[in-house]
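Here's the letter readout for the chains.
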Amino acid sequence: MAARPRKPATGQAAEPASGEEPGKSANGGARPAQIDLDELIDFYRQMLLIRRFEERAGQLYGMGLIGGFCHLYIGQEAVVVGMQASARPGDALITSYRDHGHMLACGMDPKGVMAELTGRRSGYSKGKGGSMHMFSRDRNFFGGHGIVGAQVPIGTGVAFAQKYRDDGGVTSAYMGDGALNQGQVHEAFNLAALWSLPIVFVIENNRYGMGTSVDRASALKDLYRIAEPYGIPSAQTDGMDVLAVKESGAAAMAHCRAGKGPYVLEALTYRYRGHSMSDPAKYRSKEEVAEMRTEHDPIQNLRDRLVSVGFVDEDALKDMDRDIRTIVADAAEFAQNSPEPDPRELLTDVLIEA
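A quick note: this is a predicted structure, and the numbers were derived from the prediction, not measured.

For the pair helix α1 (residues 37–62) and helix α11 (residues 314–337), the least separation of the axes is 9 Å and the interaxial angle reads 40°. Here α1 lies oblique to α11, going by the angle between them. When the axes of α1 and α11 are compared, the crossing they make is right-handed. Mapping the contact onto sequence places I41, Y44, R45, L48, L49, R52, F53, R56 and L60 in α1 and L317, M320, D321, D323, I324, R325, I327, V328, A329, A332 and Q336 in α11. The residue inventory of the contact of α1 with α11, partitioned by class, reads 13 nonpolar, one polar and six charged.

Here it is as structure tokens:
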């Protein structure tokens, strides 16, 4: 029998953001004002771009054009798109190795991201970072990081800089469920709480750390409660619903912007593919994956909502899909036609003299 997703639990929710209307919500917080059509369509477009980009990245990996590891974000698109809805200029984002979706949600150019995946000179890290290690200072994107949990203390340092400079920025530090038992994550929680840093720790609980179910790896079943010993407010949200994530993310961001310190948000989500491209994912049933795809897919559910209420017709959404496929195809062509790095680049960006 396919396992069913858990209903988000009520956590220690932060106060609603200014201007939000009170009302009942999935995580016990306040229901924001009704989202306008343009925003709904933008959410749909962003998630669809991430989905189509990742599908093409998987194809290029299979063709041998992407080396090293490659972790796809297919199924989890609603998390970063919903969170970024509350981001402002000056905010920062840092994540783990499942990072392509986060890059696109930050506004990074699909051509530059795809070029980096294929190790080309025109990539965001000049072809030296690959799938897991690319950055964009312009977008305040501080990486993809390959070491499990390593991005969490780094993100805490970014939040410390934001508070030190008093620039009003908030850092979103993403991690998977498999990172929560790393010691450095707890050290980061402690310091963030101690120094009241403006950081949202986002747990993308996709239920499997590599090939191990979270139920077999974590004694704590509601992962957001990991914040309780540190006095950090926390909540759990439906990571397969972009509107639920937006609502919860807005409350978390408002908490940080008000100078009240860090916040932990667990998003219950699901990845359709294996942990990486080399993972056949035999540790779960085909029925489980099929159920999540048919009943809980974040893109299809938003599409159904848009069509059912008459906001958009099917033809318009098909046109959007064609446009996005063209963008992704152009990115793949750009990457394949870009030159590889000069061998002398091996000696650059290694040491900075201060």
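Here the focus is the nonpolar core. Core analysis: the biggest nonpolar cluster contains 63 residues, and Y44, V80, M83, M114, V200, V242 and L302 have the highest contact counts within it. It is α1 that contributes the most residues to this core, 10 residues altogether. Among residues more than four places away in sequence, those in contact with M114 are F53, R56, A57, L60, V328, A331, A332 and A335. Counting residues in hydrophobic clusters, the runner-up holds 21 residues, among them V152, M175, V185 and A192.

Moving on to the environment of G249. As for its position among the elements, G249 is in helix α8 (residues 242–257). Residue G249 is classed as buried on the basis of its relative accessible area of 0%. Sequence separation between G249 and A85 is 164 residues; the distance between their C-alpha atoms is 8.1 Å. G249 has contacts with M83, S86 and L265, leaving out every residue within four places of it along the chain.

This part covers a nonpolar patch on the surface. Taken together, F160, Y164, L191, L194 and W195 make up a surface patch of nonpolar side chains, about 570 Å² in accessible area. When residues of the nonpolar patch are traced back to their parent elements, those giving at least two are α5 (151–165) and α6 (183–194). Overall, the relative accessible area of 69% leaves Y164 in the exposed class.

Enumeration according to the criterion identifies seven aromatic pairs in this entry. Relative to Y230, the ring of F189 has its centre 6.0 Å away and its plane inclined at 70°; by these criteria the two rings are edge-to-face. Taken together, the residues F189 in helix α6 and Y230 in the loop between α7 (214–217) and β6 (234–238) connect sequence positions 41 residues apart. We classify F189 as buried; its relative accessible area is 0%. The structure contains a cluster of three or more aromatic residues connected by ring pairs, namely Y208, Y270, Y272 and Y283.

Once that is clear, we can look at the pairing of strand β2 (residues 171–176). Across the six residues of β2, five count as buried, placing the element largely inside the fold. Pairing between strand β1 (residues 92–94) and β2: three bridges, direction parallel. Bridge pairing links L93 to S172 in β2. The sheet contact formed by β2 and strand β3 (residues 199–205) spans six bridges and is parallel. Of the residues in β3, the one forming a bridge with S172 is V200. In this fold, β2 hands off to α6, which returns the chain to β3; that crossover is right-handed.

Cut-offs and rules
- Residues numbered from 1 in each chain as written.
- Predicted model: local features only at pLDDT ≥ 70, side-chain atom pairs only at ≥ 80, totals over all residues.
- Heavy atoms only, no water.
- Axes fitted to C-alpha atoms, helices over the stretch in contact; angles between N-to-C directions.
- Helix = DSSP H or I, 4+ residues; strand = E, 2+ residues; numbered from the N terminus.
- Parallel < 35°, antiparallel > 145°, perpendicular 65-115°, else oblique.
- Left-handed = near helix turned anticlockwise from the far one by under 90°.
- Contact = heavy atoms within 4.5 Å.
- Nonpolar A, V, L, I, M, F, W, Y, C, P; charged D, E, K, R; others polar.
- Core = buried A, V, L, I, M, F, W, Y, C linked by side-chain atoms within 4.5 Å.
- Buried < 20%, exposed > 50% of the residue type's maximum accessible area, 1.4 Å probe, protein only.
- Patch = residues over 30% accessible without salt bridge, like charges linked within 9 Å, V, L, I, M, F, W, Y side chains within 5 Å.
- Areas by Shrake-Rupley, 256 points an atom, 1.4 Å probe, with all protein chains shown as cover.
- Salt bridge = Lys/Arg side-chain N within 4 Å of Asp/Glu carboxyl O.
- Phe/Tyr/Trp six-rings, centres within 6.5 Å; stacked < 30°, edge-to-face > 60°.
- Pairing = 2+ DSSP bridges.
- Right-handed = clockwise from strand over helix to strand, strands pointing away.

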